[in-house]
Amino acid sequence: MLLQFRVENHRSLRDEAALSLAAAPALGSDDRLLRSQAIPEPVLPAVAIYGANASGKTNVLHALGFMQEAVLDSHRTWDPDGGCPVEPFAFSARKDETSLYEVDLLLNEGRFRYGFVCGRERVEEEWLHAWPDGRKQTWFEREGEKLEFGRNFSGPNEAIRKLTRPNSLFLSAAAQNNHPHLMPIFRWFRMTQVDLTRRRSGHQIPLFWAELNSRQLSLFQGTEQDERAAVLELLRTSDTGIEDVRFEESERSTMGRFRGRPGRILLKHKSSSGDDAAAWLPLEAESSGTIALMELAPRLTRAFALGSLLCVDEVEASLHPMLALSLLRLFHDRRRNPLGAQLVFTTHDTNLLGTTLGEPALRRDQVWFTEKDQEGSTHLYPLTDFHPRKQENLERGYLQGRYGAVPFLGELPALTSDSPAAE
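Every value quoted in this text rests on a predicted model; they were computed, and no experiment measured them.

Participant: Got a sec to walk through the environment of Phe149? Specific residues and values, please.
Facilitator: Of note, Phe149 is situated in strand S10 (residues 146-149). Take Phe149: its relative accessible area is 21%, and that puts it in the partly exposed class. Distance in space between the C-alpha atoms of Phe149 and Trp127 is 9.7 Å, their sequence separation being 22 residues. Discounting residues that sit within four places of it in the chain, Phe149 has contacts with Trp139, Phe140, Asn157, Glu158, Arg161 and Phe170.

So, in structure tokens, the structure goes:
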């Protein structure tokens, strides 16, 4: 589980920002909260980030995605002479400074705090602290060319040190060499899903559908079969009318190629006249909401199957408000989410703040905001900073600007030459 993510000098996040998934003690406990043996305090299963367009909401997720990429790929695929592909704040002297990334994780093995600092040319710092028995241990610390290991950290450390390039992470190199103590942390990053795609077009359907629905690939067995069933169940219970999905090879497909095979995705729609009257329709004939759900469904089922973190930008894109609410409630349901999957998402959907759809979908400690200052720097802060009253209408307060993070609109310009403002 993710307890906290900290970032500094990444895109619009010029100054240090920290996103916490620790439940606020003042709000009490309820059956939505997650528990870990690593710490006594409960953890949030989901947090929402609100803010105006271009306020930096997406950049919070992008920063976590960059950290994931560095852990998974810096040793294996980054160009040895290419430096580090950092994206520092561009509008001040900070564009030439280093960027920081850190996660605080709760795993079965205990609590871990891992992070690193990158410049354009190399990794400047890297560290890993652990609490395997409740007491803090330093497993390794890196500063420039110097890499030191703690006495509690055993394994092929010296051999991996020699393999670690200036522009790659020690954790990345260690995982590629199966370091026994670091694999759980590496697996957390590998299981994490950071979805920054805009679900607008069927041309971006993931390869998942082609793989699980191509008869030639013979994947309908074991975990793949279970995953396919879980995705179809989500589609069936979401009032889409979809009963089944299949991949059909076709040389004349407009959907592109999947693993070298040209083809298209077809969806079976139920009919009140019986199965014989059911129709198989091409993906491009579906609504944008159905397409959005199809792209999101595999990510959701994988998160629940692995108990992993899912990050989604604009989770409500093309989805009905009730459906977005239902997806959020899946993470809150301990019966449906027994492994403690977590969701971090950006949104503009204020229904999740109010009571229009029933009881508020989010605790106050699950709501975060982003706001840009006059210098273009993003500030990330929680709703709990404002200490809202228990009965306060959060939706109204947000829209009225009580918590910031809303656009400041002047008079919109005329859009036609016939309007008085255009004369």
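Participant: How would you sum up the sheet that holds strand S18 (residues 367-372)? Please name residues and give values.
Facilitator: The mixed open sheet is built from 6 strands, whose spatial order is S11-S16-S17-S5-S18-S19. What marks the edges here is a single partner per strand, and that holds for strand S11 (193-195) and strand S19 (378-382). Taken over all neighbouring pairs, the strand axes of this sheet differ in orientation by 15° on average, direction set aside. Summarising the sheet, strand S16 (residues 309-312) and strand S17 (residues 342-346) pair through 4 bridges and their orientation is parallel. By the bridge assignment, Cys311 is partnered in S17 with Val344. Along the sheet, helix H7 (residues 288-306) contacts S11 and S16; its crossing angle with S11, the most-contacted strand, is approximately 160°.

Participant: Can you tell me about the sheet that holds strand S9 (residues 137-143), naming the residues and giving the values?
Facilitator: Here 7 strands make up an open sheet; going across it, the order is S2-S1-S6-S7-S8-S9-S10 and the pairing antiparallel. Each edge of the open sheet is held by one strand with a lone partner, namely strand S2 (17-20) and S10. Sheet twist, expressed as the mean angle between neighbouring strand axes with direction ignored, is 5°. Relative to strand S7 (residues 110-118), strand S6 (residues 99-107) is paired through 9 bridges, and the arrangement is antiparallel. Within the sheet, the bridge partner assigned to Leu107 lies in S7 and is Gly110. Packed onto the sheet, helix H4 (residues 183-191) meets strand S1 (2-8), S6, S7 and strand S8 (123-131) and runs at close to 105° relative to S6.

Participant: Tell me about helix H1 (residues 57-73), and please be specific about residues and values.
Facilitator: When the terminal C-alpha atoms of H1 are compared, their 25 Å separation across 17 residues agrees well with the 24 Å that a helix rising 1.5 Å per residue should span. The buried count for H1 comes to 15 of 17 residues, which makes it a mostly enclosed element.

Participant: Describe the packing of H1 against H4, with residues and values.
Facilitator: Helix-helix packing is described using two parameters, namely the angle between the two axes and the distance between the axes. Two elements in contact, H1 and H4, have axes whose closest approach is 9 Å; the angle formed by their N-to-C orientations is 125°. It follows that H1 is oblique to H4 by the angle criterion. The handedness of the crossing between H1 and H4 comes out as left-handed. Residue-level contacts link Met67, Gln68, Val71 and Leu72 of H1 to Phe186, Phe189 and Arg190 of H4. For the contact of H1 with H4, the residue count by class is 5 nonpolar, 1 polar and 1 charged.

Participant: Go over the nonpolar core with me, naming the residues and quoting the values.
Facilitator: In terms of nonpolar packing, the biggest core is built from 63 residues, with Tyr114, Leu182 and Phe189 touching the most fellow members. No other element matches the 9 residues that H1 contributes to this core. Those residues in contact with Leu182, other than ones at most four positions away along the chain, are Leu128, Trp139, Phe140, Phe153, Phe170, Leu171 and Ala174. Membership of the second largest hydrophobic core comes to 48 residues, among which are Ala303, Ala341, Ala361 and Leu362.

Participant: Give a detailed account of the pattern of salt bridges, specifying residues and quantitative values.
Facilitator: Counted according to the given criterion, the structure contains 22 salt bridges. For the salt bridge of Asp15 with Arg14, the shortest nitrogen-to-oxygen distance reads 3.1 Å. Asp15 sits in the partly exposed class, given a relative accessible area of 29%. Arg14 gets classed as buried once you look at its relative accessible area, which sits at 12%. Ionic pairing is found between Arg161 and Glu158, a salt bridge with its closest N-O pair at 2.7 Å. On the criterion of helical spacing, the pair formed by Arg161 and Glu158 is a turn pair, its members being 3 residues apart in helix H2 (residues 157-163). Glu158 sits in the partly exposed class, given a relative accessible area of 44%. Connected through salt bridges with shared partners, the residues Arg14, Asp15, Asp373 and Glu375 form a single ionic network.

What counts as what
Residues numbered from 1 in each chain as written. Predicted model: local features only at pLDDT ≥ 70, side-chain atom pairs only at ≥ 80, totals over all residues. Heavy atoms only, no water. Helix = DSSP H or I, 4+ residues; strand = E, 2+ residues; numbered from the N terminus. Buried < 20%, exposed > 50% of the residue type's maximum accessible area, 1.4 Å probe, protein only. Contact = heavy atoms within 4.5 Å. Pairing = 2+ DSSP bridges. Axes fitted to C-alpha atoms, helices over the stretch in contact; angles between N-to-C directions. Expected span 1.5 Å × (residues − 1). Parallel < 35°, antiparallel > 145°, perpendicular 65-115°, else oblique. Left-handed = near helix turned anticlockwise from the far one by under 90°. Nonpolar A, V, L, I, M, F, W, Y, C, P; charged D, E, K, R; others polar. Core = buried A, V, L, I, M, F, W, Y, C linked by side-chain atoms within 4.5 Å. Salt bridge = Lys/Arg side-chain N within 4 Å of Asp/Glu carboxyl O.

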